[in-house]
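Here is what each chain is made of, one letter per residue.
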Amino acid sequence: MRIVLIADTFPPLRSSGAVQLRDLAREFVRQKYKLTVLLPSPDQKVSCNIQKFDGAEVIRLKAPKTKDVSYVRRTIAELLMPFYMLRGLKKSHAHDRYWDGVVWYSPSIFHGPLVHIIKNSSRCKSYLIIRDIFPEWALDMGLMGRGLKYYFFNAIAQYQYSVADVIGIQSPGNANYFRDWLKKRNRRLEVLPNWLGGSEHSPSSINIDITRLSGRKVFIYAGNMGVAQGMNIFFGLADKLKNRQDIGFLFVGRGSEVIRLKKISKSLQLDNVDFYDEIDPDEIPNLYSQCIAGIVALDNRHRSHNIPGKFLTYLQNGLPVLANVNTGNDIVNIIKENKIGQACDSNDVNDLVNLTEKLLADIKIDKTISKRCINLFNKEFAVKKTVEQIVRALSS
């Protein structure tokens, strides 16, 4: 079975999306499928660059630059991206290849035209893995009004949905967004949880014993720090607990909010907080082994449900979770029902302080909490199950 996977992130990038797609590609190969990955590549000069990645064929196709450019330029570039990719694909040895299924990963919302053409030429089914429901989440966050900009991006998103035979959402609570889409025949909506594969274990470049957090019980946040995460409350938490010499908070990653958060930490004189840039994914297990719990943060204005990739990395490595998320998010029930941490959805820093204290007490008393985290990961979020589910949907 030949599968084509379309995305806009992949190694050597270190984002959570790139790590997920790396693991997905490896598992397709492990299960003996012939996988081709199509990626936009703005930095290359040639129209098509073909590589091998752990048994998968990776075709990088020249496309306009979409990162670190102005908002208008990025929008135009994303609109043109699928057509540039199609032009590059036609110049490759895969231009007349037939696939048995096309899978694509959103974000981005702009791959629809490329998927449509490949799907029609191969007469195969398509599977959309949707992680961010954009522009809805931007509307919820107040980053966008219900004006021309919203309707433009919503039209792009709706076209993307129209191309899909199957859509995999990451949480049951997101099903409401697709009620109208489901009204047409031969469409299928299913929950496809986030996933991870096994990672290599490399020494971490961060050694907590030689940082300002040495000797403390460290809560780790590893991932993107942007407006969607709503990180402020955790610096309020650190401020409330700064007189406790046994607790520390470590933030590792990049994002649009990092500089602002560092300024907040400095203004509050938080000596129980430290920052580091993102590290190689293979260093994560060693870093987590130095910590006591993992932090999940989602802005309380969200209405959609999100199970972040970092949540999975915590579970995979046996770390219980301290979460502050939007009210009603499915992750709250996951944490509570499986007894793998504490979740706050009130967005009240005093509630978060109490839950932090409770989690510390739980970790001290409950010696099986780490095992429960690992068991839940293996049961619900292992990549083997993900590939089997996607292939089953494409084959049905």
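Residues numbered from 1 in each chain as written. Predicted model: local features only at pLDDT ≥ 70, side-chain atom pairs only at ≥ 80, totals over all residues. Heavy atoms only, no water.

Brief notes about the overall build of the chain
Scanning the chain for helices and strands turns up 13 helices and 14 strands. Against the compact-globule benchmark of 21 Å for 396 residues, the chain has a radius of gyration of 21 Å, which places it among compact chains. Counting only C-alpha atoms, the chain reaches 65 × 45 × 45 Å along its principal axes. For the chain, the residues scored as buried account for 55% of the 396 residues in total. For the chain, restricting intrachain contacts to residue pairs at least 6 apart in sequence, the fraction spanning at least 24 positions comes to 72%. Total accessible area computed for the chain in this model is approximately 18100 Å², and 50% of it derives from carbon and sulfur atoms. Between the centroid of the 56 positive side chains of the chain and the centroid of its 39 negative side chains there is a distance of 5 Å. (Helix = DSSP H or I, 4+ residues; strand = E, 2+ residues; numbered from the N terminus. Rg over C-alpha atoms; globule rule 2.2 N^0.38 Å. Buried < 20%, exposed > 50% of the residue type's maximum accessible area, 1.4 Å probe, protein only. Contact = heavy atoms within 4.5 Å. Areas by Shrake-Rupley, 256 points an atom, 1.4 Å probe, with all protein chains shown as cover. Lys, Arg positive; Asp, Glu negative; His and termini not counted. Charge placed at Lys NZ, Arg CZ, Asp CG, Glu CD.)

Let's talk about the sheet that holds strand β10 (residues 247-252)
Strand order in the open sheet formed by six strands is β11-β10-β9-β12-β13-β14, and the pairing between neighbours is parallel. At either end of the open sheet lies a strand with only one pairing partner, and these are β11 (273-276) and β14 (341-344). Strand-to-strand, the axes of this sheet are offset by a mean angle of 20 degrees, without reference to chain direction. Packed on one face of the sheet, helix α10 (residues 330-338) meets β12 (293-297), β13 (321-324) and β14 and runs near 150 degrees to β14. (Pairing = 2+ DSSP bridges. Axes fitted to C-alpha atoms, helices over the stretch in contact; angles between N-to-C directions.)

Comments concerning the packing of aromatic side chains
In total, this model carries 16 aromatic pairs according to the counting rule given. Cluster of aromatic residues (ring-pair linked, three or more members): Y71, F110, F134, W137, F152 and F153. The positively charged end of R87 is found above the aromatic ring belonging to Y84, 4.9 Å away from the centroid. Its end group placed over the ring of Y150, R146 keeps NZ or CZ at 5.1 Å from the ring centre. (Phe/Tyr/Trp six-rings, centres within 6.5 Å; stacked < 30°, edge-to-face > 60°. Lys NZ or Arg CZ within 6 Å of the ring centre and 35° of its normal.)

Describing helix α6 (residues 232-240)
Note on helix geometry: an α-helix contains 3.6 residues per turn, so any two residues three or four positions apart are oriented the same way. Along α6, the positions that sit buried rather than exposed are I233, F234, F235, L237 and A238. Along its buried surface, α6 packs onto β10, α7 (258-267), β11, β12, β13 and α11 (349-365).

Examining the layout of surface pockets
Of the voids in this model, the second largest pocket is the one considered here, and its volume is about 270 Å³. Together, 16 residues line the second largest pocket, and Q158, Y161, Y177, F178 and D180 are the ones closest to its centre. Here the lining of the second largest pocket takes five residues from helix α5 (residues 148-163), the largest share from any one element. Residues of the lining of the second largest pocket, tallied by class, amount to eight nonpolar, four polar and four charged. (1 Å grid on protein atoms, 1.4 Å probe; cavity = no way out; pocket = protein on both sides within 12 Å on 5 of 7 lines; lining within 4 Å. Points joined across faces, edges and corners; volume = space filled by probe spheres on them. Nonpolar A, V, L, I, M, F, W, Y, C, P; charged D, E, K, R; others polar.)

Brief notes about α11
With 17 residues, α11 extends 24 Å between its outermost C-alpha atoms, agreeing within 8% with the 24 Å of an ideal straight helix rising 1.5 Å per residue. When α11 is considered as a whole, its buried residues turn out to be L352, V353, L355, T356, L359, L360 and I363. Projected down its long axis, α11 carries its buried residues within an arc of 170 degrees, all on one side. In α11, the exposed positions angled more than 90 degrees off the buried face are occupied by N354, K364 and I365. Buried-residue contacts for α11 involve β9 (217-222), α6, β10, β12, β13 and β14. (Expected span 1.5 Å × (residues − 1). Arc of directions from axis to C-beta.)

As for unusual backbone geometry
The peptide bond linking S106 to P107 adopts the cis configuration, its omega dihedral lying at 20 degrees. Along the chain, P107 falls in the loop between β5 (101-106) and α3 (112-122). Non-glycine residue N186 carries a positive phi angle of around 60 degrees. Its place among the elements puts N186 in the loop between β7 (166-169) and β8 (188-191). Under the relative-accessibility criterion, N186 is labelled exposed at 67%.

A word on the state of the cysteines
By definition, a disulfide links the sulfur atoms of two cysteines through a covalent bond. Counted according to the given criterion, the structure contains zero disulfides. Lacking any disulfide linkage, C344 is separated from the closest cysteine sulfur, that of C373, by 19 Å. (Disulfide = S-S within 2.5 Å.)

A few points about the sheet that holds strand β1 (residues 2-6)
Ordered in space as β3-β4-β2-β1-β5-β6-β7-β8, the eight strands form an open sheet in which the pairing is mixed. Strand pairing shows two members of the sheet lacking a second neighbour, β3 (48-53) and β8, which therefore form its edges. Neighbour-to-neighbour, the strand axes of this sheet turn through a mean angle of 20 degrees, independent of strand direction.

Some thoughts on the pairing of β7
Of the two faces of β7, the one lined by V166 and G168 and the one lined by I167 and I169 are each fully buried. Both strand β6 (residues 125-130) and β7 contribute to a ladder of three bridges, which runs parallel. Counted as the bridge partner of Y127 is V166 from β7. Of the strand pairs in this sheet, β7 and β8 are connected by four bridges, and their pairing is parallel. Residue pairing for β8: I169 is matched across the bridge by V191.

Some details on the side chain of R22
Note that R22 resides in helix α1 (residues 16-30). Engagement of the side chain of R22 in a polar contact is seen with the side chain of D23, the distance being 2.9 Å. Contacts of R22, omitting those with residues within four sequence positions, involve F10, P11, F53, S199, P281 and D282. (Polar contact = N/O pair within 3.5 Å; in protein donor to acceptor, adjacent residues only side chain to side chain.)

Digging into the packing of helix α2 (residues 71-90) against α3
One way to put it is that α2 packs onto α3 with a least axis distance of 7 Å and a crossing angle of 40 degrees. With respect to their mutual orientation, α2 and α3 come out oblique. Where α2 approaches α3, its residues P82, F83, M85, L86 and L89 are matched on the opposing element by P113, L114, I117 and I118. Split into classes, the residues belonging to the contact of α2 with α3 amount to nine nonpolar, no polar and no charged. (Parallel < 35°, antiparallel > 145°, perpendicular 65-115°, else oblique.)

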